[in-house]
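# Coordinate inspection notes
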Amino acid sequence: QLKLAESGGGLVQRGGSLRLSCAAPGSSWDGFRVGWFRQAPGNEREGVSCISRSGRRTDDSDSVKGRFTISRDNAKNTVYLQLTDLKPEDTAVYFCAAGWGVSLDSCIMVPDTVRYPYWGQGTQVTVSS
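Per chain, residue numbering runs from 1 following the sequence as it is written. In keeping with the model being predicted, local features are shown solely for residues with a pLDDT of at least 70 and side-chain atom pairs are shown and tallied solely at 80 or more, while totals for entire chains, interfaces and linings include all residues. The side-chain quantities take in all heavy atoms of the structure and omit both hydrogens and water.

## Notes on the side chain of serine 52
Strands here mean DSSP runs of E at least two residues long; helices mean DSSP runs of H or I at least four residues long; both are numbered from the N terminus. Inspection of the secondary structure assignment puts serine 52 in the loop between strand 5 (46–51) and strand 6 (58–60). Residue exposure (1.4 Å probe, protein chains only): buried if accessible area is under 20% of the type maximum, exposed if over 50%, otherwise partly exposed. For serine 52, a relative accessible area of 0% translates into the label buried. In this analysis, two residues are considered to be in contact whenever any of their non-hydrogen atoms come within 4.5 Å of each other. When near neighbours in sequence (up to four residues on either side) are disregarded, serine 52 contacts Arg33, Arg57, Arg72, Leu104, Asp105, Ser106 and Cys107.

## Considerations on the sheet that holds strand 8 (residues 78–83)
Whether two strands pair comes down to DSSP finding at least two bridges between them. Across the sheet, which stays open at both edges, the four strands sit in the order 1-3-8-7 with antiparallel pairing between neighbours. Each end of this open sheet is capped by a strand with a single partner; those strands are strand 1 (5–7) and strand 7 (68–73). Here the average twist between neighbouring strands, direction ignored, is 15 degrees. Where strand 3 (residues 18–23) and strand 8 come together, six bridges link them in antiparallel fashion. Following the sheet pairing, leucine 20 is matched in strand 8 by leucine 81. Fitted lines through C-alpha atoms serve as axes, helices being fitted only where they are in contact, and the angles separating the N-to-C directions of these axes extend from 0 to 180 degrees.

Right, here's the structure in full:
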């Protein structure tokens, strides 16, 4: 069982930055691909970014491409999401999720519990205008 915990959310102004962290204390990340997802009130959960087991492959949604960067530090059992140039439409609860990855260099941003059976509780990001 993998237990995930997100941190780093908060309230920022338009154009600001945040760094979200997703930790798995006591567990090894090595076999897992990891995704970041978000859900705004009244909206469905959507994929934001994902990273492969090796860290060599990442993918970002069109809405955040060029502004958000996902990375991982397997030695620290932590995955990061750097958010820059934030916009009010980025306001949402951000979740990290992990799923067993057969391939070293693939990831997927589909927020379903088959591909990603392990989820954190989420961290709120609010961007004011």
